[in-house]
Amino acid sequence: MPHGTTPGTWSNWAGNQSARPARVAVPSSAEEIGETVRRAAERGQRVKAVGSGHSFTAIASAGDAVLVRPDALTAVRELDREAGTVTVESGLTLDRLNRLLAAAGLSLTNMGDIEVQTVAGATSTGTHGTGRESGSLAAQIRALEIVLADGSVQHCSPTENPELFHGARLGLGALGVVSAITFGVEPAFLLTAHEKPMTFDAVLAEFDDLTAVNEHFEFYWFPHTDLCTTKRNNRSQGPAAPLPRFKAWLEDDFLSNTVWEGACRVGRRIPAAIPSIAQVAGRAWSERTYTDTAYKVFTSPRRVRFTEMEYAVPREAGTAVLRELKALVERSDWRISFPVEVRVAPADDLWMSTANGRDSVYIAVHLYRGTTDPGYFTEVERLMTAYRGRPHWGKLHTRDAAYLADVYPHFGDFTALRDKVDPDRVFANDHLRRVLGA
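None of these values were measured; they are calculated from a predicted model. Within any chain, residue numbers begin from 1 and follow the written order of that chain's sequence. Reporting in this predicted model follows two pLDDT cut-offs: at least 70 for local features of residues, and 80 or more for side-chain atom pairs to be given and counted; totals over whole chains, interfaces and linings ignore these cut-offs and use all residues. Processing note: side-chain calculations cover all non-hydrogen atoms of the structure and skip hydrogens and water entirely.

A.B. asks: It is not clear to me how the nonpolar core should be interpreted in this structure. Could you clarify?
C.D. replies: Soluble globular proteins tend to pack their nonpolar side chains together in the buried interior. Within this scheme, the nonpolar core is defined by two criteria: the residues are buried Ala, Val, Leu, Ile, Met, Phe, Trp, Tyr or Cys, and they are joined through side-chain atoms within 4.5 Å. Burial here depends on accessible area, computed with a 1.4 Å probe over protein chains only, as a share of the maximum for the residue type. Under 20% is buried, over 50% is exposed, and the range in between is partly exposed. Residues Leu97, Leu172, Phe183, Met352, Trp393 and Leu436 are the most contacted members of the largest nonpolar core, which totals 64 residues. Filtering out sequence-adjacent residues up to four positions away, Leu97 remains in contact with Val86, Val88, Leu92, Leu108, Val119 and Phe183. Pairs of residues are marked as contacts when any of their non-hydrogen atoms sit within 4.5 Å.

This is the structure in structure tokens:
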């Protein structure tokens, strides 16, 4: 099983969530999913679908439920160049989708920096990258196929079952089991990446300009320092000028994974060394520019394991929140080895999107695996919620339905839809009961 330690145990990528499902099903079609769901419901069992286990929350935890794995649902059903769409089954991973699209001369418009997730897992939890005008993966969905609690296979789009479409594009696994997704795609394009070190104050002073001028802007701040590395990705007419293979391996794999893993281990053993490590790590980033196929610029290998909390705050509050976060770290006795990641997204219309109805700044904090949280996540969450922050659905948080109903304008629409399509809570688990209510 994915990330499982034994055949009967499921665990996630970070190793902080695990479960022992009552049964494991590996259906090869939507109809087989339907049969699995009907049988489970008849026995009074819950059903949970999992992807690659890249969420840090227990959103996909199966507990005593029937766990549905998407391993046999990886086909590309249709590639429609004229319509600019591709329909793929739910278990296809983003890395395979990216390569299949590239071979066809096509591309997704935007994506996050990790591509090991399944398409259903990534969209159902709101996986996103950074973008001035382009939103999350779920915002690129044009149609869905989903199996509901009664075992029926439903298709939805803006014109077919539109209410279900509004909810299921980013459905948290609460409405049914997604079996196929139709994404909007476009002709393949090149991105020029410009990575440049800057100071924290300089980034915040120029933040509005940096996010307005660049199609995709993000930065990382190294706690215990004033050092940041910034990333600007913009479309290019070419020609392609990728990093030399050895340089790409050295900087993006060996240094960012192998060496960084070693540094994190030292910091976990000797927390007092972390500020010095942060200074070295922050200064190790040098300015560089390269041009390559879009997905190769958007994504990068991530093998150092960690736990993560990420909140979306209103765009206009972003720099104020970041200044408060830096002050919070500076007056604490914490030793934080991982950089803080900052990205942006435009407002969208997905009911449960962290960017619903408002331009957003995403602020993500991390702890190396095996590190005891010294109160970092707790205090960061207190800061984020003071600004009506919305937690990423796949990342650690302690918010409940009462809080979330207040910060999501369409929360009531989503829960009403859930009452309609899953009145008996076939797809519920403890986590969903907390965030959506019973």
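A.B. asks: What is the right way to look at helix α8 (residues 274-284) in this model?
C.D. replies: Residues separated by three or four positions in an α-helix point in the same direction, a consequence of the helix having 3.6 residues per turn. Put simply, DSSP marks the helices as runs of H or I at least four residues long and the strands as runs of E at least two long, and each gets a number from the N terminus on. Buried residues of α8: Ile274, Ile277, Ala278, Ala281 and Gly282, and no others. Across the axial projection of α8, the buried residues extend over an arc of 130 degrees, all falling on one side. When the buried face of α8 is taken as reference, the exposed residues oriented beyond 90 degrees from it are Val280 and Arg283. This arc describes the spread of directions from the helix axis toward the C-beta atoms.

A.B. asks: Explain the sheet that holds strand β4 (residues 47-49) here, please?
C.D. replies: Backbone hydrogen bonds hold the strands of a sheet together, and the pairing may be parallel or antiparallel. DSSP calls a pair of strands paired once it identifies at least 2 bridges connecting them. Strand order in the open sheet made by the three strands is β3-β5-β4, with parallel pairing throughout. Lying at the two open borders of the sheet, with one neighbouring strand each, are β3 (23-25) and β4. Strand-to-strand twist of the sheet, defined as the mean angle between neighbouring strand axes without regard to direction, takes the value 25 degrees. Looking at chain direction, β4 and strand β5 (residues 66-68) are connected through three bridges and run parallel. Opposite Val47, over in β5, you have Val66 as the bridge partner. The angle between two axes is taken between their N-to-C directions and runs from 0 to 180 degrees, where each axis is a line fitted to C-alpha atoms and a helix contributes only its stretch in contact. Along the sheet face, helix α1 (residues 30-42) touches β3, β4 and β5 and points at about 170 degrees away from the line of β5.

A.B. asks: Even after reading the chapter, I still don't get unusual backbone geometry, so can you show me in this structure?
C.D. replies: Both trends apply: most residues other than glycine have a negative phi, and most peptide bonds are in trans. At the junction of Gly238 and Pro239, the peptide bond is cis and its omega measures out at 5 degrees in the coordinates. Tracing the backbone shows Pro239 in the loop between β15 (227-236) and α7 (245-269). Backbone geometry at His224 places phi at a positive 75 degrees, although glycine is not the residue there. The class for His224 is partly exposed, based on a relative accessible area of 23%.

A.B. asks: Would you mind going over the confidence of the model for the protein chain with me for this structure?
C.D. replies: Reading predicted coordinates in detail is not appropriate for stretches of low pLDDT. Each residue carries a pLDDT score, the predictor's confidence in it, ranging from 0 to 100. In this model, the protein chain carries an average pLDDT of 94, and 97% of its residues clear a pLDDT of 70 or more. Segment residues 1-6 is flagged for pLDDT under 50; beyond a separation of four residues in sequence, or across chains, it makes 23 contacts in the model.

A.B. asks: I'm lost on the pattern of salt bridges in this one. Help?
C.D. replies: Close approach of charged atoms allows side chains with opposite charge to pair. Salt bridges, as used here, are contacts in which a Lys or Arg side-chain nitrogen is within 4 Å of a carboxyl oxygen on Asp or Glu. Tallied over the entire structure, the rule returns 27 salt bridges. For Arg235, the salt bridge goes to Glu186, with nearest N and O atoms at 2.7 Å. With a gap of 49 residues between them, Arg235 in strand β15 and Glu186 in strand β12 (residues 186-187) connect regions that are remote in the sequence. One salt bridge connects Glu308 with Lys395, and the closest N-O pair in it is separated by 2.9 Å. Taken together, the residues Glu308 in strand β17 (residues 306-314) and Lys395 in the loop between β20 (390-391) and α12 (401-407) connect sequence positions 87 residues apart. The class for Glu308 is buried, based on a relative accessible area of 5%. Salt bridges sharing partners connect three or more residues here, namely Glu308, Glu310, Glu341, Arg343 and Lys395.

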